[in-house]
Amino acid sequence: MLFVCAASLSGAMQISAAQKISDKEILSKVKNYDQYTREVRRHLHFYPEVGGQEVETVKYLKQRLAEIGSFEICDVPGSTGFYAILDTHKPGKTIGLRTDIDGLPVTESNVNGEGHPKPFVSKNKGFTQGCGHDGHMAILLTTIRALYDWRDRLTGKYVFLFEEGEETNTGIRPMIAAIKDIHFDAIYGNHLASNVPSGMLYIKPGSIMSGMAMLSWQVFGRGGHASRPDHSVNPIYASTAILNSVAVAWNQQRDITKLVTLGITQFHGGETWNVIPDSVYIGGTLRFFDWEAGVRSVELVKKVATDVAKAHNCTVRFGEKMKAQVPPVVNDKSLATFAQNAIGTLYPGRITTDEGYNWYASETFALYNQLAPTLFTLVGVQNKELGTTAGHHTAAFDIDEDALQYGIGAMLRFATGY
């Protein structure tokens, strides 16, 4: 049964001691629910939906929750996302467990990174779960099922966060606004990672995923006939000069001890071979592990673009989204230490702290630290023998389903032990 979200989470508390959930019980539960996990993941992989359009995905998730038991379900205003609450009505901590729910507008390939045929391919043409969010949802649903089984032995509250539009950065702020009055003690999330060996868990304090800034600007000149370039002001030359100058400034005018990657991904100008265009559009992204370095780098790009454009008698207009938007994912030190010890006991030898696994992708999970200490775990899915080696956001991306068990076990150990 699903209950409509109430205005308050307060209520009468029953005093009862928590009964420790053992490692053995967690491993047994994960094993018993293995087929369920795979079934959920496969269904969600077959029918991906992009951010803001996850209507059928949400229906499916809520249906699965109803099959598990009774939860308070709260839709997030201005979003397709929602959250569900399991309240034990016993004093204890409030733990948030999060998944993203959106797919990508990418046509999935029938073969994976090593050219092996994929066992499961999207049935929604033009869309794919090419980042692993299908696995994230399966991990959380199985975790919820296990926690519900143990609800009489647990204390406190669990808030399960189903975040819309992680890829498009559209669901996080409505979610934050919706849950800001819940007093979380910790929020936990995970991400399947194709750069980490299958069965390994990357858990460490500090930054593990980069922050992101969007680059978006237009260079305006004056168009005209290609036969008389002297009668025009060609924004193409100005734009190429801007990019060359930004590349030089990157090492000359920035603190090079603060890593920031510069990725120019769009350069659009002109419609035909014999007409000088009025304008050129340039787009891209910056990634960084230091927020201030990211902010300063955006300002550097703006300054160089403005000054160089002026030297070419052109002007620049920056897009409103051209700014540092998502901070790095930074794990709380105490939570990371707890998790390393607790999950390390559950899965000996499967915890890695090698900073070589730091990921240059960005994640809206970073913003949950506005509400509480956070911990984000990378769950390795790279298996060369199976062929699951392709990078995220590619048509060939695939996962090793056997790795999902470690994501579930880690989430359960954190949720029941912290």
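What counts, and where the lines are drawn
- Within each chain, residues carry numbers counting from 1 in the order of the written sequence.
- Under the rules for a predicted model, residues below a pLDDT of 70 receive no local features and side-chain atom pairs below 80 are neither given nor counted, while totals for whole chains, interfaces and linings still include all residues.
- Calculation of side-chain values draws on the structure's entire complement of heavy atoms; hydrogens and water are dropped beforehand.
- Definition used for salt bridges: Asp or Glu carboxyl oxygen within 4 Å of a side-chain nitrogen of Lys or Arg.
- Helix and strand labels come from DSSP, where a helix needs a run of H or I of at least four residues and a strand needs a run of E of at least two; each type is numbered from the N terminus.
- Think of it in three bands: with a 1.4 Å probe and only protein chains considered, a residue is buried below 20% of the maximum accessible area for its type, exposed above 50%, and partly exposed in between.
- The criterion for an aromatic pair is that two Phe, Tyr or Trp rings (for Trp, the six-membered ring) have centres within 6.5 Å, with stacked assigned to planes under 30 degrees apart, edge-to-face to planes over 60 apart and tilted to the rest.
- By nonpolar core is meant a set of buried Ala, Val, Leu, Ile, Met, Phe, Trp, Tyr and Cys residues that side-chain atoms within 4.5 Å join together.
- Pairing between strands is defined by DSSP: at least two bridges between the two strands are required.
- With axes taken as lines fitted to C-alpha atoms, and helix axes fitted only over the stretch in contact, angles between N-to-C directions fall between 0 and 180 degrees.
- Oblique is the label for any angle not under 35 degrees, not over 145, and not in the 65 to 115 range, which are roughly parallel, roughly antiparallel and roughly perpendicular in turn.
- Left-handed describes a crossing whose near helix is turned anticlockwise from the far helix by less than a right angle; the clockwise case is right-handed.
- We call two residues in contact when some of their heavy atoms are within 4.5 Å.
- Three residue categories are used. Nonpolar comprises Ala, Val, Leu, Ile, Met, Phe, Trp, Tyr, Cys and Pro, charged comprises Asp, Glu, Lys and Arg, and polar comprises the others, including Gly.
- Scored between 0 and 100, pLDDT is the confidence that the predictor attaches to each residue.
- Positive charges come from Lys and Arg, negative ones from Asp and Glu, while His and the chain ends are left out of the count.
- Counted as a polar contact is a pair of N or O atoms within 3.5 Å, where, for protein atoms, one must be capable of donating a hydrogen and the other of accepting one, and residues adjacent in sequence contribute only when both atoms are in side chains.

**Section: the pattern of salt bridges**
- This model, assessed by the stated rule, comprises 22 salt bridges.
- The partner of K29 in a salt bridge is D149, and the shortest N-O contact between them spans 3.0 Å. Within this pair, whereas K29 is found in helix α1 (residues 23-32), its partner D149 is found in helix α4 (residues 133-149), the two being separated by 120 residues in sequence.
- You can call D149 partly exposed: its relative accessible area is 36%.
- D181 is the salt-bridge partner of K180, the closest N and O atoms lying 3.7 Å from each other.

**Thoughts on the packing of aromatic side chains**
- Tallying each qualifying case throughout the model produces 16 aromatic pairs.
- Measuring from ring centre to ring centre gives 6.3 Å for F46 and Y47, while their planes differ by 70 degrees; the resulting arrangement is edge-to-face.
- Seen from their ring centres, Y202 and Y357 are 6.0 Å apart, and the 65 degrees between their planes marks the pair as edge-to-face. One end of the pair, Y202, is in strand β7 (residues 201-202); the other, Y357, is in the loop between β17 (351-352) and β18 (374-382), with 155 residues separating them in the sequence.

**With respect to the nonpolar core**
- Ranked by internal contacts, the top residues of the largest apolar core, which has 58 residues, are L65, F71, L97, L147, F160 and F162.
- The biggest single contributor to this core is α4, with nine residues.
- Core analysis: the second largest hydrophobic core is formed by 31 residues, I187, V196, V326 and Y368 among them.

**Re the pairing of strand β6 (residues 186-197)**
- Of all twelve residues in β6, ten are buried, a share of seventy percent or more.
- With four bridges connecting them, strand β4 (residues 94-100) and β6 associate as parallel partners. Paired with R98 across the strands is G189, a residue of β6.
- With eight bridges joining them, β6 and β18 adopt parallel strand pairing.

**Observations regarding the packing of helix α2 (residues 34-46) against helix α3 (residues 55-68)**
- Where α2 contacts α3, the two axes come as close as 11 Å, and the packing angle between them is 160 degrees. As far as their axial angle goes, α3 and α2 are roughly antiparallel. Relative to α3, the crossing made by α2 is right-handed. From α2, Y36, E39, V40, H43 and L44 reach across to α3, where they touch T57, Y60, L61, R64 and I68.
- Residue composition of the contact of α2 with α3, grouped by class: six nonpolar, two polar and two charged.

**Examining the confidence of the model for the protein**
- For the protein, per-residue confidence averages 94 on the pLDDT scale, and residues scoring 70 or more make up 95% of the total.
- Scored below 50 in pLDDT, residues 6-17 shows 17 contacts in the model against residues more than four places distant or in partner chains.

**Points about the side chain of E54**
- The topology assignment puts E54 in the loop between α2 and α3.
- Despite its burial, E54 pairs with no opposite charge; the closest candidate is R98, at 10 Å N-O.
- A distance of 2.5 Å separates a polar atom in the side chain of E54 from a polar atom in the side chain of T80.

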